[in-house]
Amino acid sequence: MIEFANVSKVFNGGTKAVNDVSFKVKEGEIFVLIGPSGCGKTTTLKMINRLIDSSEGTIRVHNENIQDMNIKKLRWNIGYVLQQIALFPHMTIKENIAVVPELIKWPQEKIDKRVDELLEMVGLDPGTYRDRKPDELSGGQQQRIGVVRALAGDPDIILMDEPFSALDPISREQLQEDIKKLQEEIKKTVVFVTHDIEEALKLGHHICLMKDGKVVQIGAPAELLENPADEFVKEFLGDRKDPWAEKVSSLLPDEAPAEHTHTPASKVSSEATVREALEQLKHSSENSLAVYEGETYKGDVGYKEITLYLERNQSTLKGGSSL
Amino acid sequence: MIVSGIQPFFQLFQQRQDLLITALWEHVHMSLISLLFAVFIAVPLGILLAHYRKGAEPVIGTTAVLQTIPSLALLGFLIPFLGIGTTPAIVALTAYALMPILRNTYTGLKAVDPALMEASRGMGMGTLQQLHKIQLPLAMPTIMAGIRTGMVLIVGTATLAALIGAGGLGDLIMLGINRSNNYYILLGAIPAAALALLFDAVLRITEKKSQGSTLMPVFVVIGAALLLVVVPPVLNAVGSGDDEAEEIVIAGKLGAEPEIIINMYKLLIEQDTDLQVTLEPGIGTTDVAFQAVRTGDIDGYFEFTGTAIADLLGETVESNDERAAFEQARDGMYEEFNLVFLEPLGYQNTYAIAVTEEMAEELNLETISDLQEYENDLTAAFTVEFTDRADGYPGIQETYGIDFAEVQTMDPGLRLGALVSGDAEVIDAYSTDAYMREYNLVALEDDENLFPPFNGAPLFREEVIAEYPEIEEILNQLAGKITEEEMQDMNYQVDEEDANASDVAREYLTNEGLLTE
């Protein structure tokens, strides 16, 4: 769908903002570009709709080099959501949403229908909001309109440049949920820039971690968590561990162990991981395992403990496990 | 003159409605054209500067420099290039309005949030679409504020355009200042202020209507202004297509006297030839009239010998004999500028030192020398020009040895007020001016012959006299004809009794048997 091949960007001052970046974005996925500030993630994003032109390498959309495409047609087919939201303050909500449909000369009826449909999609009543000005809306509502505006011309691709970072935590979380749901419904290809690793893990089907203009690692969230390419990745992800790699001993209930009733076959070492413990449970007829630290019985861990533990850590489970 | 009630004003308003309507229309016309030019130059220029950024500050700086030139100086400066009348006035007014419009357009466009520009670019808008849909609507309040500032500047400054013969409400104001008649000043000033307010209101409403994404109301107003400006001249041109008579233009400086005299010229020339004479009365100062005749904008005007020698030739009057002075002026003007002085009219309108009749009786004053005795008790109110001229107050100090206790310089109209209110006892005056009669002023005799002779005579371009030699003979019929009393009387009729200058001229000529009815 979108393909970067050895793309670099050198700015006038000589700084190499993006250095030999290659990746592929699959159709219908959310592809997150993440990294510390100045890593080149926003520059990379803006090269897709040619707000910034690449210096070297080729970028292809639908297997076509974007340099060979009509720039306006390219942009009409790529929705763009900004961190600053940037709704046009002199236009009504409807006029804001209708910008691209009008540019591509949709008939007025179709535009009207589309505006209402989109407003309903993000839970804003068309009758109430259609004719309001942007400054009459809250920040969260404004960015919903920002998202909807990007969707208006029915583009294949949506670019989102830190779209939720200016919002308060509650609106941010809501919008993240909404975007996730929306994307599952409409299956647009989304390239999403953020500096927030929680957001990246929550939304991204694939995450591309960048540093100093270079790609450090690309993969599904779980892959990054399990097999960080280097210290930087590990550090950037934080002290977050793959919940599946946690030792079973940490799942033990707090109270003192009762007398154990298990046969030796259901014993598990306290050093074993949650994943190993679950594998063992699957092949056992018991519902729980006895955890031993050396020769000392420490307590029982069963389906119930594992399920409760996974529920506690669900935020980092996104992107599917390798099970 | 003291404003003593609102009634005389309305009387004047009713009597001079025709004059007011003409002046108002001229004012509107001149202001609108200038504003349109300024908008058509400054807005696109501002857009270009905002787009390219480079060179913005020098260009805006240049327009700011234009702004600092005093308006009268700018008008005077343009005369050698553009002559007199509406054209230089419009150029000057346009120059004045450029700065606020240009600066506001530039600033307004530059102030548009870069994020909005990026958003619209990312949505696939082209540069022109961005300009039309995003930048201009957002910058419109700022641009309109600039246009409104420019408009107020234009409507105000346009009153000065009367000085270079462009007409407008300034005509009424100048008339008022010249006659020291406050009602005339108000008759010009109030409509000028009202006009500014009206235009401002129209622009403000337009701006309100154009909030949102449409620029339609702006175009409607521009279109309406264009129609108002373009249609009447076109109709005129269509209507007067076959008017082929040969035409000469004769001007007179500000004031009743020159206007009466040039009306006489017109009546006489049109009686005896097929020539069509157009009059340009009320052309500001000596300098404006002189520049206009030199550039050929006008063919002749009414000038005084003393002024020609001292101001135009920069010489000193060699003899206080009238004839000798006239010959000096005639020969000098011809040699220096190829301008032909025809024979003078007879009466003198020279400087005089005037006091009230009571004062003259009380102190037994007859000559200027008699003032010396009281020099420490008297306050003088002189015009700036008189204080400055070698044959003015400096001459009095030197020739008569008189140093007044206090000398105030003020506008010609105001010094009369000072005399009437008792703030001053002595003023400078012109011997034929109407107020001499109205206020019972006495001109003290110039017993030391300080003031040079000021004889009025027609001053024409040589080419005009060569082409129409009959003019010389026709106008010389007036040579030596008009006495000082007759002129004072005619001035009084126009200045104080509001008579029409052309009627006064006609009556005089008819009485003298020069004009057959």
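Counting restarts for each chain, with residues numbered from 1 along the sequence as it is written. Here the convention is simple: chains get letters from A, ligands get numbers from 1, in the order in which they are written. Owing to the predicted nature of the model, reporting of local features is limited to residues with pLDDT of at least 70; listing and counting of side-chain atom pairs is limited to 80 or more, with chain, interface and lining totals taken over all residues. Side-chain descriptors were evaluated using all non-hydrogen atoms of the structure, hydrogens and water having been removed beforehand.

A. Broad picture of the overall build of chain A. Counting from the N terminus, the helices are the DSSP runs of H or I reaching at least four residues and the strands are the DSSP runs of E reaching at least two. A count of helical and extended segments in chain A gives 13 helices and 13 strands. Each of the three principal axes of chain A carries a C-alpha extent, and together these read 75 × 50 × 30 Å. Taking contacts inside chain A between residues at least 6 apart in sequence as the whole, the part at least 24 apart equals 66%. Note that accessible areas follow from Shrake-Rupley with a 1.4 Å probe, and for residues the cover is restricted to the protein chains shown. When the accessible area of chain A is evaluated, it comes to approximately 15,400 Å², of which 46% is carbon and sulfur surface. Considering chain A, the positive charge centre built from 40 side chains and the negative charge centre built from 53 side chains are found 6 Å apart. Contact between two residues is taken to exist if any of their heavy atoms lie within 4.5 Å; hydrogens are not considered. Residues scored as positive are Lys and Arg, those scored as negative are Asp and Glu, and His as well as the terminal groups of each chain are ignored. Positions of charges follow a simple convention, taking NZ of Lys, CZ of Arg, CG of Asp or CD of Glu.

B. Just the interface of chain A and chain B, in detail. Taken together, the contacts link 23 residues of chain A with 18 residues of chain B. When two parts are put together, the accessible area they lose, computed with a 1.4 Å probe and summed over both, is reported as buried area. Taken together, both faces of the contact between chain A and chain B bury some 1,800 Å²; the carbon and sulfur share is 66%. The three residues of chain A that bury the most area against chain B are A:Phe88, A:His90 and A:Leu103, which together make up 32% of that side's buried surface. Whenever a carboxyl oxygen of Asp or Glu lies within 4 Å of a side-chain nitrogen of Lys or Arg, that contact is scored as a salt bridge. Across the contact surface, chain A and chain B share two salt bridges. Pairs of N or O atoms are called polar contacts if they sit within 3.5 Å, as long as, within protein, a hydrogen donor faces a hydrogen acceptor (for residues adjacent in sequence, only side-chain-to-side-chain pairs). The interface formed by chain A and chain B holds seven residue pairs in polar contact (both at pLDDT 80 or more) in total. Of all elements in the fold, only α2 (71-76), β6 (78-81), α3 (93-97) and α4 (99-103) of chain A reach the threshold of two or more residues within the side of chain A that touches chain B. For the side of chain A that touches chain B, the element with the highest residue contribution is α4(A), accounting for four residues. Residues are grouped as follows: Ala, Val, Leu, Ile, Met, Phe, Trp, Tyr, Cys and Pro are nonpolar; Asp, Glu, Lys and Arg are charged; every other residue, Gly included, is polar. Residue composition of the side of chain A that touches chain B, grouped by class: 13 nonpolar, four polar and six charged.

C. Just helix α2 (residues 17-52) of chain B, in detail. Every helix has an expected span of 1.5 Å times one less than the residues it contains. Relative to the 52 Å expected for 36 residues at 1.5 Å per residue, α2(B) spans 51 Å between its end C-alpha atoms, a close match to the ideal helical length. At the C-terminal side of α2(B), B:Arg53 shows a positive phi close to 60°.

D. Just the UniProt feature "transmembrane region" (unreviewed entry) in chain B, in detail. Residues and elements named next belong to chain B. UniProt positions are given in the numbering used here, feature names are shortened, and annotations may be inferred rather than shown by experiment. Listed under "transmembrane region" (unreviewed entry) in the UniProt record, and renumbered for this structure, are residues 32-52, 72-98, 150-177, 183-203 and 215-235. Helix makes up 100% of residues 32-52 and strand 0%, and the two end C-alpha atoms of the span are 30 Å apart. In residues 72-98, helix accounts for 89% and strand for 0%; the two terminal C-alpha atoms are 17 Å from one another.

E. The arrangement of the domain arrangement of chain A in detail. Those domain boundaries reflect an automatic or database domain assignment. When its domains are assigned, chain A resolves into domain 1 (2-237) and domain 2 (248-317). Centre-to-centre, using C-alpha coordinates, domain 1 of chain A lies 43 Å away from domain 2 of chain A.

F. Up close: the sheet that holds strand β5 (residues 64-65) of chain A. Residues and elements named next belong to chain A. Read across the open sheet, the four strands follow the order β2-β1-β4-β5; overall the sheet is antiparallel. Since the sheet does not close on itself, it has two edges, and those belong to β2 (16-25) and β5, each with one partner. As judged from the six bridges shared by strand β1 (residues 2-10) and β2, these two strands associate in the antiparallel manner. Bridge pairing in β2 places Phe4 opposite Phe23. Relative to the sheet, helix α1 (residues 41-48) contacts β1, β2 and β4 (56-61), its axis offset from that of β1 by approximately 120°. Pairing between strands requires that DSSP locate at least two bridges from one strand to the other. Every axis corresponds to a line fitted to the C-alpha atoms, with the helix fit spanning only the stretch in contact, and the corresponding angles, defined between N-to-C directions, vary from 0 to 180 degrees.

G. Layout of the confidence of the model for chain A. Residue and element names in this part refer to chain A. In this model, chain A carries a mean pLDDT of 87, and residues with pLDDT of at least 70 account for 92%. Looking at the elements of chain A, mean pLDDT is at its lowest for strand β13 (residues 296-302), recorded as 82, and at its highest for strand β3 (residues 30-34), recorded as 95. The low-confidence segment residues 318-323, where pLDDT is below 50, has 15 contacts with residues more than four positions distant or belonging to other chains. As a per-residue measure, pLDDT reflects the predictor's confidence and takes values from 0 up to 100.

H. Structural detail: the UniProt feature "domain: ABC transporter" (unreviewed entry) in chain A. Those places that UniProt annotates as "domain: ABC transporter" (unreviewed entry) correspond, in this numbering, to residues 2-237 of chain A. Annotation note: span residues 2-237 of chain A, helix share 39%, strand share 25%, distance between end C-alpha atoms 26 Å.

I. Region of interest: the environment of A:Pro253. Residues and elements named next belong to chain A. Here Pro253 lies in the loop between α11 (231-237) and β11 (267-269). Judged by its relative accessible area of 37%, Pro253 is partly exposed. Once the C-alpha coordinates of Pro253 and Lys298 are considered, the two residues, 45 residues apart in sequence, prove to be 9.6 Å apart. Residue exposure (1.4 Å probe, protein chains only): buried if accessible area is under 20% of the type maximum, exposed if over 50%, otherwise partly exposed.

J. Main features of unusual backbone geometry. One non-glycine residue with positive phi stands out, namely A:Asp212, at about 50°. Examined against the element boundaries, A:Asp212 turns out to sit in the loop between β9 (206-211) and β10 (214-219). In this model, B:Asn338 sits at a positive phi of 55°, which is unusual for a non-glycine residue. Position of B:Asn338 among the secondary structure elements: in the loop between α14 (322-337) and β4 (339-341).

K. Fine view of the nonpolar core. All names here are of chain B. Side-chain atoms within 4.5 Å link the members of a nonpolar core, which is a set of buried Ala, Val, Leu, Ile, Met, Phe, Trp, Tyr and Cys residues. By size, the foremost hydrophobic cluster in this structure holds 77 residues, and its most contacted members are Ile101, Tyr301 and Met333. Broken down by element, the residue count for this core peaks at 13 residues, all from α2. For this core, the two domains that each supply at least three residues are domain 1 (5-239) and domain 2 (247-348 + 456-512). If we ignore the near neighbours within four places in the chain, the residues touching Tyr301 are Ile250, Ala251, Lys253, Thr286, Ala289, Phe290, Val293, Leu312, Ala457, Pro458 and Leu459.

L. Up close: a nonpolar patch on the surface. Residues and elements named next belong to chain B. On the surface, Phe77, Phe81, Leu82 and Val91 cluster together into a nonpolar patch covering about 400 Å² of accessible area. The biggest single contributor to the nonpolar patch is helix α4 (residues 71-82), with three residues. Turning to its location among the elements, Leu82 is positioned in helix α4. Assessed through its relative accessible area of 34%, Leu82 is described here as partly exposed. Only residues whose relative accessible area exceeds 30% and that take part in no salt bridge are eligible for patches, with like-charged residues grouped when within 9 Å of each other and nonpolar side chains (Val, Leu, Ile, Met, Phe, Trp, Tyr) grouped when within 5 Å.

M. Inspection of the pairing of strand β6 (residues 379-382) of chain B at higher detail. All names here are of chain B. Of the two faces of β6, the one holding Thr379 and Ala381 and the one holding Ala380 and Phe382 are both buried throughout. As judged from the four bridges shared by β6 and strand β7 (residues 406-409), these two strands associate in the parallel manner. Residue pairing in the sheet places Thr379 in a bridge with Glu406 of β7. In the sheet, β6 pairs with strand β8 (residues 426-430) via two bridges, with the strands oriented parallel. By the bridge assignment, Ala381 is partnered in β8 with Ile427.

N. Expanded view of the side chain of B:Thr356. Within the fold, B:Thr356 resides in strand β5 (residues 351-356). Taking relative accessible area as the criterion, B:Thr356 reaches 19% and is therefore assigned buried.

O. Focus on the sheet that holds β11(A). All names here are of chain A. Spatially, the three strands line up as an open sheet ordered β11-β12-β13, and their pairing is mixed. In this open sheet, the two strands that pair with only one neighbour each are β11 and β13. Taking each pair of neighbouring strands and ignoring which way they run, the sheet shows an average axis angle of 40°. Inspection of the sheet shows β11 paired to strand β12 (residues 288-293) by three bridges, in the parallel sense. Within the sheet, the bridge partner assigned to Lys267 lies in β12 and is Ala290.

P. A look at the UniProt feature "domain: ABC transmembrane type-1" (unreviewed entry) in chain B. UniProt records the feature "domain: ABC transmembrane type-1" (unreviewed entry) for residues 24-203 of chain B in the present numbering. Along residues 24-203 of chain B one finds 84% helix and 0% strand; the C-alpha atoms at either end are 19 Å apart.

Q. Quick look at the pattern of salt bridges. Taken as a whole and judged by the stated rule, the model has 24 salt bridges over all chains. Among the salt bridges present, the one from B:Lys133 reaches A:Glu102, with a minimum N-O distance of 3.9 Å. Taken together, the residues span two chains, with B:Lys133 in helix α7 (residues 127-157) and A:Glu102 in helix α4. Assessed through its relative accessible area of 36%, A:Glu102 is described here as partly exposed.

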